Amino acid sequence: MRRLPRLPAPAPCLGPSQIPSIPLRAPAATITSAAAAPTPNPRMNDRRYLSTTPPNPARLKKPTYEFDLDLAPENAPETHTRRQPVPTQFRYPCGRRNAPNPAELDDATYRPAETADGLEEVGSIADWFEKPEHWGYPGGAAEYVRRAVGSFGPVEKVTDPVLLEVLVKRAIVEALVVARSAKGKSLETRAEVEQVFAHTADGVYRLRDIVAVDILPSGSEVATLEKAETTRVWDVLRGAVPSEAAGEKEGKKKRLLQRSLVPLVHARNLVSSPSWDNGWKKAVLRNTVAKFWAVKRIQQLTGHRIPDSKLIGDVTVGAILKMLEEPAKPPKLAELLEAKAAFQDLPNVRVFPRRVTPIDKDKMEGRWKIITRELQERELPIIGTGGYSGPFEKRWVEGK
Amino acid sequence: MAGKGVKCLSEALRGLSLGAQPCRTTPARQAAMGCIRSMATAVEGKPSNITRSVDEVYTPLTTVPVTIHSFPTLEPRSLEAWSTKHLYLPLRRDILHLAVVYEGDKTRQGTASSKTRWEVAGSHRKMRPQKGLGHARLGTRQSPLMRHGGKTFGPKPRDFSTKLNRKVYDLAWRTALSYRYRRGELIVTEDGLDLPLPDEFLYAASKGVLGREVEDGFVSKYLAELLAGLQWGREYGRTTFITGDRRPNLFTGMEVGGENGRALELDEVDVKDLLETGRIVIERSALREMIKTHSSDLVQRVQVPGLRTKPQLGTAIVQ
């Protein structure tokens, strides 16, 4: 750990190098408990403080109850406190360079500027990272953060109602499979479920097979799956995970494919097919575990995060779908009146979508062009007071 | 015979119950319905069915789910069940108002002070003769009537704090949290909530080659973009992060980029802080500690064997 010293001037730049994979410093304490996190002890009156200490591997180990003097964190070698150089694509500011003295210049035409007019504005060094080109990506900071931090689910939320319908049904079926077979209870099965979901994060894999499952058996109002269906869907899903024999190459390829979303045409075909029945939307989701996996899978597939409070008690699948769909914008009064042709018979009534201002009235009368020209001739502001105060003599007249 | 009598009585009582009555509409309501005109903002819907038959078993909601997310990807990682008395209390604006006023009073500095005529320094010589000058009578220059004289009823340092019953204050804490929970503005993260700064920047910072201005500029921009991506930034009402102890990168980041939110340690949080900004992001252990320390009103003095004296803190459903 290091308290950042304030240097009088920035040192020469660190040379930019090849594009790296973007490693982030994972919060050290995500694995350990908060109390066991390697918390520094900063001076409280020192406002400005950043921890540059990498996470201590000795502390990240699971606690063992055997006391080993050599492996105790206090006695561990302090190698972890030193950060290893990381290749970067950031452009850091270079050191200060002084311009040559005008007297020493050979150029006879050179004349030093006496005013700031016409000089290029370079801004202060504090705005260095406001410029997109210094982040190493054309999209600047936004693109860097999006790549570095990542997101669980697509960056852009799915908004198309047809696509949402298909993806939500898939999520519900998969959630019921996981909840029914009590998968994800032990750490091993949980890891397996996470792996399967990660490999099918785009929702494309065997979509037709999974969506065709009936989640509302006759005579039931609660969303359930038959046992045979559960096994079948789980087997289908597990097929998405490449076997170890297939090698890392295929895995990489799959991971690249994850970026593509379900094609809209494909979803429309599914929904418009005669086998697509809307009865499943009436299914009630009651199982809390199934709800958790449904929410997680919906977030992964569509990018929508559903708050816990929306899923308390019995919630129908249709209600969940409705939460994700953006409500239609209510029409404006002017649009409604225009559509109805409400005042068409009244020649003296007109409807405007916004307030009619004095300028609008001038424009209707054809005065506005003349007013503008006259104001421009007198170099007066066309709109507003142009910084001039109001008539202060008015106060004298009014006796205030 | 006696059995028949009891049966008759129970039948009669069932007939009187609310559930047995087919429809309960008051004439006044019906009369009013006739002259209601349609308004654009009117919500049309059936009135909720609040009547309940005696045959139906009343099973009130006892727990609500709380998802624990990872930060900053917000992936749901685990699920806990929390008592409705902890995180699903009804909104009581009056209690929240009491708590906020109580905290405001308590945090008043109360150091305003002015001098009375007895404290103003200077000679106590009579300013002018009692009589003969045509002026009013005047004593010393410390008189409140004089410029630079003492202040008659001026402020003196005092304690402005007011009192509030501990149980009411604790109820206010959980009411504030419940309010956030109901609105979906309480995001619980895994322990160790911190701002993940990139390794390459931290390396440069550890070498000290950037200088304060550039470092601050980087952290500020990085944080702004991170929060904008989550829709948690300035346009979305800012975000309050609450952690168990001080996390250097998160807290420094929030001080540098304060327009997007704030970070607070658990000890610094007040009810008012829970009600400000667009959302509360709190780590799991901090929420647990917060509710644990503010549940004095839930302890029952009457102990029934087999029943808990107070609701259990969150229990894991999915780990």
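Use the structure listed above.
None of these values were measured; they are calculated from a predicted model.

1. Focus: a nonpolar patch on the surface
So, point 1. Together, Phe343, Leu346, Val349 and Val351 of chain A make up an exposed nonpolar region whose accessible area comes to about 290 Å².
So, point 2. Structurally, Phe343 of chain A can be placed in the loop between α11 (333-340) and α12 (358-365).

2. A closer look at the packing of aromatic side chains
So, point 1. One pass over the structure, following the stated rule, counts 23 aromatic pairs over all chains.
So, point 2. Where Phe90 of chain A meets Tyr92 of chain A, the ring centres are 6.1 Å apart and the plane angle is 75°; that geometry is what we call edge-to-face. Summarising the burial analysis for this pair, Phe90 of chain A and Tyr92 of chain A share the class buried.
So, point 3. One aromatic cluster in this structure is built from Phe90, Tyr92, Phe129, Trp135, Tyr137 and Tyr144 of chain A together with Phe201, Phe218 and Tyr222 of chain B.
So, point 4. The ring of Trp276 of chain A has Lys169 of chain A lying over it, and the distance from NZ or CZ to the ring centre is 5.2 Å.
So, point 5. Its guanidinium or amino end placed over the ring of Tyr88 of chain B, Arg182 of chain B lies 4.0 Å from that ring's centre, counting from NZ or CZ.

3. Quick look at the interface of chain A and chain B
So, point 1. Every contact between the two is made by 64 residues of chain A and, on the other side, 64 residues of chain B.
So, point 2. In total, about 5,900 Å² of surface goes out of reach between chain A and chain B, with carbon and sulfur atoms giving 62% of it.
So, point 3. For the interface between chain A and chain B, the tally reads three salt bridges.
So, point 4. The salt bridge involving Glu75 of chain B is made with Lys296 of chain A; its shortest N-O contact spans 3.0 Å.
So, point 5. Listed by contribution, the elements that provide at least two residues to the side of chain A that touches chain B are α2 (140-149), α4 (187-199) and α9 (288-302) of chain A.

4. With respect to the sheet that holds strand β1 (residues 63-69) of chain B
Backbone hydrogen bonds are what pair the strands of a sheet, in a parallel or an antiparallel way.
So, point 1. Pairing is mixed across the open sheet formed by seven strands, whose spatial order is β5-β4-β6-β3-β1-β2-β7 (chain B). If you trace the sheet from one side to the other, it starts and ends with β5 (261-265) and β7 (315-318) of chain B, each paired once. Strand-to-strand twist across the sheet, computed as the mean angle between neighbouring axes with direction ignored, equals 30°.
So, point 2. Note: strand β3 (residues 186-189) of chain B against strand β6 (residues 279-283) of chain B, four bridges, orientation parallel. The residue of β6 of chain B that forms the bridge with Leu186 of chain B is Ile280 of chain B.
So, point 3. On the sheet, α9 of chain A packs against β1, β2 (76-83) and β7 of chain B and is oriented at approximately 140° with respect to β2 of chain B.

5. Observations concerning the pairing of β1 of chain B
Residues and elements named next belong to chain B.
So, point 1. In terms of burial, β1 is largely enclosed, as six of its seven residues are buried.
So, point 2. Direction of pairing for β1 relative to β2: antiparallel, over a ladder of seven bridges. Residue His69 lies in a different strand from β2, and its bridge partner there is Pro76.
So, point 3. Here β1 hands over to β2 after six residues, with Leu74 in that stretch at a positive phi of 60°.
So, point 4. Taken together, the two bridges between β1 and β3 define a ladder with parallel strand orientation. Note on β3: the bridge partner recorded for His69 is Thr189.

The rules behind the values
Residues numbered from 1 in each chain as written. Chains lettered and ligands numbered in written order. Predicted model: local features only at pLDDT ≥ 70, side-chain atom pairs only at ≥ 80, totals over all residues. Heavy atoms only, no water. Patch = residues over 30% accessible without salt bridge, like charges linked within 9 Å, V, L, I, M, F, W, Y side chains within 5 Å. Areas by Shrake-Rupley, 256 points an atom, 1.4 Å probe, with all protein chains shown as cover. Salt bridge = Lys/Arg side-chain N within 4 Å of Asp/Glu carboxyl O. Helix = DSSP H or I, 4+ residues; strand = E, 2+ residues; numbered from the N terminus. Phe/Tyr/Trp six-rings, centres within 6.5 Å; stacked < 30°, edge-to-face > 60°. Buried < 20%, exposed > 50% of the residue type's maximum accessible area, 1.4 Å probe, protein only. Lys NZ or Arg CZ within 6 Å of the ring centre and 35° of its normal. Contact = heavy atoms within 4.5 Å. Buried area = accessible area lost by both parts, 1.4 Å probe. Pairing = 2+ DSSP bridges. Axes fitted to C-alpha atoms, helices over the stretch in contact; angles between N-to-C directions.

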